[in-house]
There are 2 protein chains.
Amino acid sequence: MISGKNTIGNKLSNQGDVTYKTFNPKTNKETEWTFFEATKFEINEAVELATKAYKVYKDVSGDKKAQFLETIALEIEALGDELIDTYCKESGLPEGRARGERGRTMGQLRAFAALLKDGSWVEAVIEKGQPDREPMPKADIRKMLFPLGPVVVFGASNFPLAFSTAGGDTASALAAGCPVIVKSHPMHSGTGELVSSAIIKAAEKTGMPNGVFSNLNSSGIEVGQQLVKHPKIKAVGFTGSINGGTALYKLASERDEPIPVFAEMGSINPVVVLPSALDIDGDAWATKYASSINLGAGQFCTNPGLVLGIQGNKLDSFINTLSEEILKLEPTCMLHPNIYTKYNEGKKELSGQDGVIIMADYAKETSDNVARPTILKVSGASFLLNTKLHKEVFGPFSVVVSCENSVQLEEILNHLEGQLTGTVLGSESDLNTYDNVIDALQSRVGRILFNGVPTGVEVCSSMVHGGPFPASTDARFTSVGTSAIKRWVRPVSFQDWPNKFLPKALQNANPLGIVRLEEGRYTN
Amino acid sequence: MISGKNTIGNKLSNQGDVTYKTFNPKTNKETEWTFFEATKFEINEAVELATKAYKVYKDVSGDKKAQFLETIALEIEALGDELIDTYCKESGLPEGRARGERGRTMGQLRAFAALLKDGSWVEAVIEKGQPDREPMPKADIRKMLFPLGPVVVFGASNFPLAFSTAGGDTASALAAGCPVIVKSHPMHSGTGELVSSAIIKAAEKTGMPNGVFSNLNSSGIEVGQQLVKHPKIKAVGFTGSINGGTALYKLASERDEPIPVFAEMGSINPVVVLPSALDIDGDAWATKYASSINLGAGQFCTNPGLVLGIQGNKLDSFINTLSEEILKLEPTCMLHPNIYTKYNEGKKELSGQDGVIIMADYAKETSDNVARPTILKVSGASFLLNTKLHKEVFGPFSVVVSCENSVQLEEILNHLEGQLTGTVLGSESDLNTYDNVIDALQSRVGRILFNGVPTGVEVCSSMVHGGPFPASTDARFTSVGTSAIKRWVRPVSFQDWPNKFLPKALQNANPLGIVRLEEGRYTN
């Protein structure tokens with residue numbers, strides 16, 4: 001049952017009197033629940049509790065933390081249909097997506113549990129002392145990674161499970177040994193409360209300290225700002241808009257003690273269609289991309305919002321097929337009327353720019369909040385001149401740019417902002433012929449794909465979901481995949497520390513049996 | 001021969017008419033050289049050249065980059081006595097120190113060359129495709145680290161060689177594949193110009209692109225600010241004061257495209273003297289610490305500026321011996337009159353705080369700019385109340401705090417700002433008895449030492465020279481040791497990329513023979 005209250009460690013709390021409701025975009029009505037915004041006092045309570053929990057939780061063994069994460073996965077599953085129903089009501093997304101995303105969320109938790117059981121992620125490095133070294137003896141020095149402290153996580157509107165309450169940021173931070181305070185997303189606070197209850201149950205069952213997790217409600221920006229400014233918060237994870245992420249990043253950098261903010265933000269995910277892709281598979285790629293652009297009403301951070309090709313009949317034919325095919329697809333409901341409105345505003349703004357031709361704009365009648373897929377076309381010259389066309393329109397929308405030649409295509413790539421992904425469609429020999437284009441694309445992205453679609457982000461250790469600003473605020477890290485844990489840790493060196501008082505990961509006998517870099521060689 | 005000009009790629013340049021001079025603190029006179037401040041035009045020229053160089057340099061093989069770094073080391077050595085003489089004139093430091101630091105600088109360059117020859121530092125991770133996976137096929141995904149782009153390095157006043165022009169920041173950034181623009185330190189611009197000439201010679205001899213290195217002079221802050229704000233600069237390395245580093249960090253975070261700044265800043269490096277250290281070795285530790293505090297006129301970032309013990313006769317005896325011993329040592333010349341003045345101001349301010357007792361203040365006559373070693377004593381209660389006493393006084397200076405008990409000691413540690421190092425003097429059994437104290441210390445530092453002195457930072461892969469703010473602006477990285485390379489790189493994933501077009505580090509056959517994480521296992 002959803003109470004609408006804040007989860008502060010193992011208790012529910014509603015001290016304030018400011019409330020808000022979530023919204024069902026399919027029925028175009030508010031949901032039945034009322035949520036209580038966290039007060040200043042509650043925010044402070046959650047942070048103090050997390051700080052206390054950190055002192056214990058940072059030293060909990062990898063195996064115990066793994067058990068905690070695995071139990072969270074089971075408790076999420078145990079929420080059963082109430083979770084699925086609430087998810088669907090608060091997002092307008094279909095049941096299949098809800099079940100799939102729940103599976104992904106559980107898979108992420110288990111991936112971090114596996115990482116913890118293996119234990120090697122702490123990057124232990126050991127260089128023993130050399131008391132006889134000339135001209136100076138060398139001390140025994142060993143280092144490994146330790147958690148930063150309490151972390152704040154801002155969930156994403158478009159992934160109520162996999163990138164929210166118990167999503168990738170929370171899973172990776174808990175795995176690292178950092179207590180987490182989630183600023184609940186106001187569009188799916190009911191889903192968030194249910195997932196929070198699963199986390200608390202798991203924490204109690206596995207004996208984790210009270211305060212290892214809290215979930216605070218808020219429909220505005222104040223609660224988030226207060227959390228980021230709180231001196232006892234040591235890092236921030238965020239998935240959302242460029243404006244929101246950049247604002248938090250700047251807030252964190254202006255603190256007396258600046259803290260790291262990893263914000264995964266906007267991206268238009270350029271797709272470069274090279275001539276041989278058009279020669280061989282033009283229609284097939286157009287059909288595939290129509291689906292990718294319309295998938296989930298285009299509400300993915302890896303949605304292909306920009307397609308770049310070299311002008312000619314074949315590109316025109318590709319654009320025509322893409323436009324025809326996307327109009328055959330069923331348009332779907334967006335997450336929230338606000339997102340729907342913003343989509344239409346963005347679409348209108350870009351459609352009205354000089355030189356833009358509207359190639360497809362779904363015209364049939366639709367229900368409330370259903371996004372009409374749109375394809376625009378523009379010349380390379382117009383695109384280069386007008387950076388408004390470089391901005392993300394969150395929804396089933398893509399701009400196809402018809403470039404004069406590969407030099408202009410390369411120039412466009414060099415002028416793009418940072419992106420999560422970049423895709424190349426073509427033959428292997430194209431990679432030779434257009435190496436400057438490929439090089440330019442690679443320099444702008446966190447992930448580069450060959451003959452595929454960027455939507456669908458695999459959770460694995462080789463994944464980079466991040467990229468140069470504004471794709472993320474720190475391109476040196478990823479928010480998807482097991483390496484995401486590295487955002488919440490810092491290395492500490494131990495010099496001449498007695499063996500038996502070292503953390504187990506650094507002791508001579510390697511009692512954890514982990515992979516370590518010893519005297520320059522990997523061993524276990 | 002020192003021209004006083006800026007080094008912009010392979011040419012010398014003096015387009016401006018603003019000049020300044022360096023200063024010999026031993027003779028208390030300006031040196032013979034005049035330096036030309038870089039103009040806006042020259043700054044832009046250096047950045048444009050670095051951007052062009054990056055396109056080539058990022059793809060230079062590890063072996064070729066290693067040859068470049070090794071040749072820089074040789075060319076620095078080939079500068080011979082002119083370098084040593086200039087270093088001594090511009091710093092007031094003795095010849096032995098100059099030769100030692102030159103050796104360290106060459107050692108750092110060679111350590112990064114060895115890292116490049118090995119090649120495994122790129123953290124290649126390979127997870128092959130599984131086309132038959134159910135319910136969805138898994139793409140082939142591989143990732144590795146790539147250089148960020150042109151980097152700006154601000155050298156340190158106190159290490160004209162090892163943390164300046166060709167110091168650790170430059171060596172690690174060049175190793176990563178990032179062109180470097182050094183903002184020359186105004187206290188040793190002559191030394192900087194000589195080292196720059198060695199780097200340029202090495203770049204030419206080993207066929208590196210013009211612009212891979214530049215060195216710009218400036219006595220003020222404008223040149224540095226313009227460099228950090230330049231949109232084509234992608235990261236910043238800094239060693240120096242908290243004010244300077246924080247200002248650059250904030251400047252970088254306010255850019256349209258924020259960039260990472262790694263600033264290694266202030267630290268008072270707390271030393272916890274536990275009772276058994278006083279019982280067994282009190283006098284020996286006092287003598288050793290007197291030397292460590294006075295070493296190099298205390299001008300080290302790891303200088304022990306704070307000693308914490310539990311009150312009693314033995315602590316008093318330790319303080320007395322420390323004070324007596326430090327007055328027996330030869331006081332030495334500081335780097336510059338400005339540093340000397342600042343030292344005396346800081347010393348005066350802290351000496352005048354409530355409850356502070358001056359235990360030692362060298363009183364004999366000295367030459368110009370010679371720093372008089374100083375030891376202050378204060379109670380734990382006074383120290384806790386007065387954060388002025390927590391501030392670094394850069395010089396041969398230390399505050400000894402006499403705590404009521406271990407609870408107060410722990411409380412003090414919990415209230416300290418972030419530190420580069422923390423040291424524990426005691427017996428092994430103390431580590432058990434005082435585990436709360438040790439825990440509190442570890443949470444504030446990047447490196448924790450047992451029964452040693454924090455001065456002397458080994459260059460190795462297990463070293464952490466960094467720590468929670470304000471020790472550094474990003475505790476997730478180190479500025480000393482081979483891991484320092486990680487500050488200048490970001491991961492990129494390749495999805496379904498054809499094998500022969502992958503970077504060599506990611507190709508199936510592992511042609512570089514590096515250690516890679518393949519399907520979750522380390523192999524080579």
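Just so we're clear, the structure is a prediction, and the values are computed from it rather than from any experiment.

## Concerning the overall build of chain A
Then step 1. Across its full length, chain A carries 15 helices and 23 strands.
Then step 2. Expressed along its principal axes, the backbone C-alpha trace of chain A runs to roughly 75 × 65 × 40 Å.
Then step 3. Taking all 524 residues of chain A together, 60% fall into the buried category.

## With respect to the relation of the copies chain B and chain A
Then step 1. Screw-axis analysis of chain B against chain A gives a translation of 0.0 Å along the axis, an RMSD of 0.0 Å, and a rotation angle of 180°. What we have between these two chains is a two-fold relation. Considering only C-alpha atoms, the residue of chain B closest to the rotation axis is Ser253(B), which sits at 3.4 Å.
Then step 2. Mapped onto chain A, 100% of the interface residues of chain B are again interface residues, and the two copies thus contact each other with one and the same surface.

## Considering the nonpolar core
Then step 1. Among the nonpolar cores identified, the biggest contains 336 residues, and Leu69(A), Val273(A), Leu69(B) and Val273(B) are the most heavily contacted of them.
Then step 2. With sequence-adjacent residues up to four places away left out, Val273(B) is seen in contact with Leu278(B), Trp285(B), Val307(B), Leu308(B), Gly309(B), Phe318(B) and Leu425(B).

## What to know about the packing of helix α2 (residues 62-78) of chain A against helix α6 (residues 189-205) of chain A
All names here are of chain A.
Then step 1. Put simply, α2 and α6 touch, their axes get as near as 8 Å, and they point 135° apart. As the angle between them shows, α2 and α6 are arranged oblique. Between α2 and α6 the crossing geometry is right-handed. In this structure, α2 contributes Phe 68, Thr 71, Ile 72, Glu 75 and Ile 76 to the contact, and α6 contributes Val 195, Ala 198, Ile 199, Lys 201, Ala 202, Ala 203 and Lys 205.
Then step 2. Class assignment of the residues belonging to the contact of α2 with α6 gives a composition of eight nonpolar, one polar and three charged.

## So, the sheet that holds strand β14 (residues 357-361) of chain B
Then step 1. Strand order in the open sheet made by the twelve strands is β23(A)-β22(A)-β7(A)-β8(A)-β21(A)-β18(B)-β17(B)-β12(B)-β13(B)-β16(B)-β15(B)-β14(B), with mixed pairing throughout. Strands with a single pairing partner mark the edges of an open sheet, and in this sheet they are β23 (521-523) of chain A together with β14 of chain B. Each strand axis lies, on average, 20° off the axis of its neighbour in the sheet, ignoring direction.
Then step 2. As judged from the three bridges shared by strand β22 (residues 516-518) of chain A and β23(A), these two strands associate in the antiparallel manner. Across the sheet, residue Leu517(A) finds its bridge partner in β23(A), namely Tyr522(A).
Then step 3. Relative to strand β18 (residues 445-450) of chain B, helix α15 (residues 435-442) of chain B is tilted by about 140°, and along the sheet it contacts β21 (489-495) of chain A together with β12 (270-273), β17 (419-425) and β18 of chain B.

## With respect to the sheet that holds strand β13 (residues 261-264) of chain A
Residue and element names in this part refer to chain A.
Then step 1. Taken together, the seven strands give an open sheet; going across it, the order is β2-β1-β11-β10-β9-β12-β13, and neighbouring strands pair in mixed fashion. At either end of the open sheet lies a strand with only one pairing partner, and these are β2 (11-13) and β13. Averaged over neighbouring strand pairs, the angle between their axes works out to 20° when direction is ignored.
Then step 2. In terms of strand pairing, strand β9 (residues 151-154) meets strand β12 (residues 235-239) through four bridges, oriented parallel. In the strand pairing of β12, Val 151 is matched with Ala 235.
Then step 3. Running at roughly 165° to strand β11 (residues 213-216), α6 makes contact with β1 (6-8), β10 (180-183) and β11 of the sheet.

## Re the interface of chain B and chain A
Then step 1. Tallying the contact residues gives 49 residues for chain B and 49 residues for chain A.
Then step 2. The set of elements that each furnish at least two residues to the side of chain B that touches chain A consists of β5 (125-127), β6 (141-147), α8 (242-253), α14 (428-433), β18 and β19 (489-495) of chain B.
Then step 3. With six residues, β19(B) is the single largest residue contributor to the side of chain B that touches chain A.
Then step 4. For strand β20 (residues 445-450) of chain A and β19(B), the ladder comprises three bridges, and the chain directions are parallel. Note that in β19(B) the partner of Leu449(A) across the bridge is Gln495(B).

## Looking at α2(A)
Residues separated by three or four positions in an α-helix point in the same direction, a consequence of the helix having 3.6 residues per turn.
Residue and element names in this part refer to chain A.
Then step 1. The end-to-end C-alpha separation of α2 is 24 Å, in line with the 24 Å expected for 17 residues at 1.5 Å each.
Then step 2. Most of α2 sits inside the fold, with twelve of its 17 residues counted as buried.
Then step 3. Lining the buried residues of α2 we find α3 (80-91), α4 (95-118), α5 (168-176) and α6.
Then step 4. Two residues or fewer past α2, Gly 80 is found with a positive phi of approximately 60°.

## Side note on the environment of Val393(A)
Residues and elements named next belong to chain A.
Then step 1. Note that Val 393 resides in the loop between α12 (380-385) and β18 (397-403).
Then step 2. Take Val 393: there are 25 C-beta atoms within 10 Å of it, and that puts it in the buried class.
Then step 3. Taking the C-alpha atoms as reference points, Val 393 and Cys 178, 215 residues apart in sequence, are found 35 Å from one another.
Then step 4. Residues within four places of Val 393 in sequence aside, it is in contact with Gly 305, Tyr 343, Gly 346, Lys 347 and Leu 350.

## A short note on the pairing of strand β7 (residues 151-154) of chain B
All names here are of chain B.
Then step 1. Neither face of β7 is open: one carries Val 151 and Val 153, the other Val 152 and Phe 154, and all of them are buried.
Then step 2. Pairing of β7 with strand β8 (residues 180-183) involves four bridges; the strand directions are parallel. Residue pairing across strands places Val 153 opposite Val 182, the latter belonging to β8.
Then step 3. Once the chain exits β7 it traverses helix α5 (residues 168-176) before rejoining the sheet at β8, and the crossover so formed is right-handed.

## Details of unusual backbone geometry
Then step 1. With an omega of 5°, the peptide bond between Phe469(A) and Pro470(A) qualifies as cis.
Then step 2. Tracing the chain through its elements places Pro470(A) in the loop between β20 and β21.
Then step 3. Phi is positive for Asn269(A), close to 50°, though the residue is something other than glycine.
Then step 4. Non-glycine residue Asn451(B) carries a positive phi angle of around 45°.
Then step 5. By the element assignment, Asn451(B) lies in the loop between β18 and β19.
Then step 6. Using a count of 18 C-beta atoms within 10 Å as the deciding quantity, one classes Asn451(B) as partly exposed.

## What to know about the confidence of the model for chain A
Then step 1. Considering every residue of chain A, the mean pLDDT works out to 97; 100% of them sit at 70 or more.
Then step 2. Across the predicted assembly, pTM comes out at 0.97 and ipTM at 0.97.

## Observations concerning the environment of Met265(B)
Residue and element names in this part refer to chain B.
Then step 1. Within the element layout of this structure, Met 265 appears in the loop between β11 (261-264) and β12.
Then step 2. Look at Met 265 and you get buried, because 25 C-beta atoms sit within 10 Å.
Then step 3. For the pair Met 265 and Glu 127, spaced 138 residues apart in the sequence, the C-alpha separation amounts to 40 Å.

## Considering the packing of helix α8 (residues 242-253) of chain A against α8(B)
Then step 1. Here α8(A) crosses α8(B) at 170°, and the two axes come no closer than 10 Å. By the criterion of interaxial angle, the relationship of α8(A) to α8(B) is roughly antiparallel. Contacts between α8(A) and α8(B) pair Tyr249(A), Lys250(A) and Ser253(A) from the former with Tyr249(B), Lys250(B) and Ser253(B) from the latter.
Then step 2. By residue class, the composition of the contact of α8(A) with α8(B) is two nonpolar, two polar and two charged.

## Focus on the environment of Thr19(B)
Residue and element names in this part refer to chain B.
Then step 1. The topology assignment puts Thr 19 in strand β3 (residues 19-24).
Then step 2. The class for Thr 19 is partly exposed, based on 14 C-beta atoms found within 10 Å.
Then step 3. Spatially, the C-alpha atom of Thr 19 lies 39 Å from that of Leu 329, the residues being 310 residues apart in sequence.

## Comments concerning α3(A)
All names here are of chain A.
Then step 1. Compared with the 16 Å implied by 1.5 Å per residue over twelve residues, the 17 Å span of α3 between its first and last C-alpha is a close match.
Then step 2. What α3 keeps buried is the set Leu 83, Thr 86, Tyr 87, Lys 89, Glu 90 and Ser 91.
Then step 3. For α3, the elements touching its buried residues are β4 (23-24), α2, α4 and α6.
Then step 4. Phi turns positive one or two residues past the end of α3, at Gly 92, with a value near 70°.

Cut-offs applied
For every chain, the first residue of the written sequence is number 1, and numbering continues from 1 along that sequence. Working convention: letters from A go to chains and numbers from 1 go to ligands, in the order in which they are written. Whole-chain, interface and lining totals are the exception, using all residues; otherwise, since this is a predicted model, local features are given only for residues with pLDDT of at least 70 and side-chain atom pairs are given and counted only at 80 or more. Where helices and strands are cited, they refer to DSSP runs of H or I of at least four residues and of E of at least two residues respectively, numbered from the N terminus. For the exposure call, what matters is how many other C-beta atoms sit within 10 Å of a residue's own: 20 or more marks it buried, 12 or fewer exposed, and in between partly exposed, using C-beta atoms placed from the backbone. What sets the superposition is a least-squares fit of C-alpha atoms, and only residues with pLDDT of at least 70 in both copies go into it. We call two residues in contact whenever the C-beta atoms placed from their backbones are within 7 Å. The term nonpolar core refers to a group of buried residues, namely Ala, Val, Leu, Ile, Met, Phe, Trp, Tyr and Cys, whose C-beta atoms join them within 7 Å. Axes here mean lines fitted to C-alpha atoms, for a helix over just the part in contact, with angles spanning 0 to 180 degrees between N-to-C directions. For classification purposes, angles smaller than 35 degrees are called roughly parallel, those larger than 145 roughly antiparallel, those between 65 and 115 roughly perpendicular, and all remaining angles oblique. By convention, the crossing between two helices is left-handed when the near helix turns anticlockwise from the far helix through less than a right angle, and right-handed when the turn is clockwise. As a working rule, the residues Ala, Val, Leu, Ile, Met, Phe, Trp, Tyr, Cys and Pro are called nonpolar, Asp, Glu, Lys and Arg charged, and the rest polar, with Gly in that last group. When DSSP finds two or more bridges between two strands, those strands count as paired. Given a helix with a known number of residues, its expected span is that number minus one, times 1.5 Å. A crossover counts as right-handed when, viewed with the strands pointing away from the observer, the path leading from the first strand over the helix to the second turns clockwise. pLDDT is a residue-level measure of predictor confidence that goes from 0 to 100.

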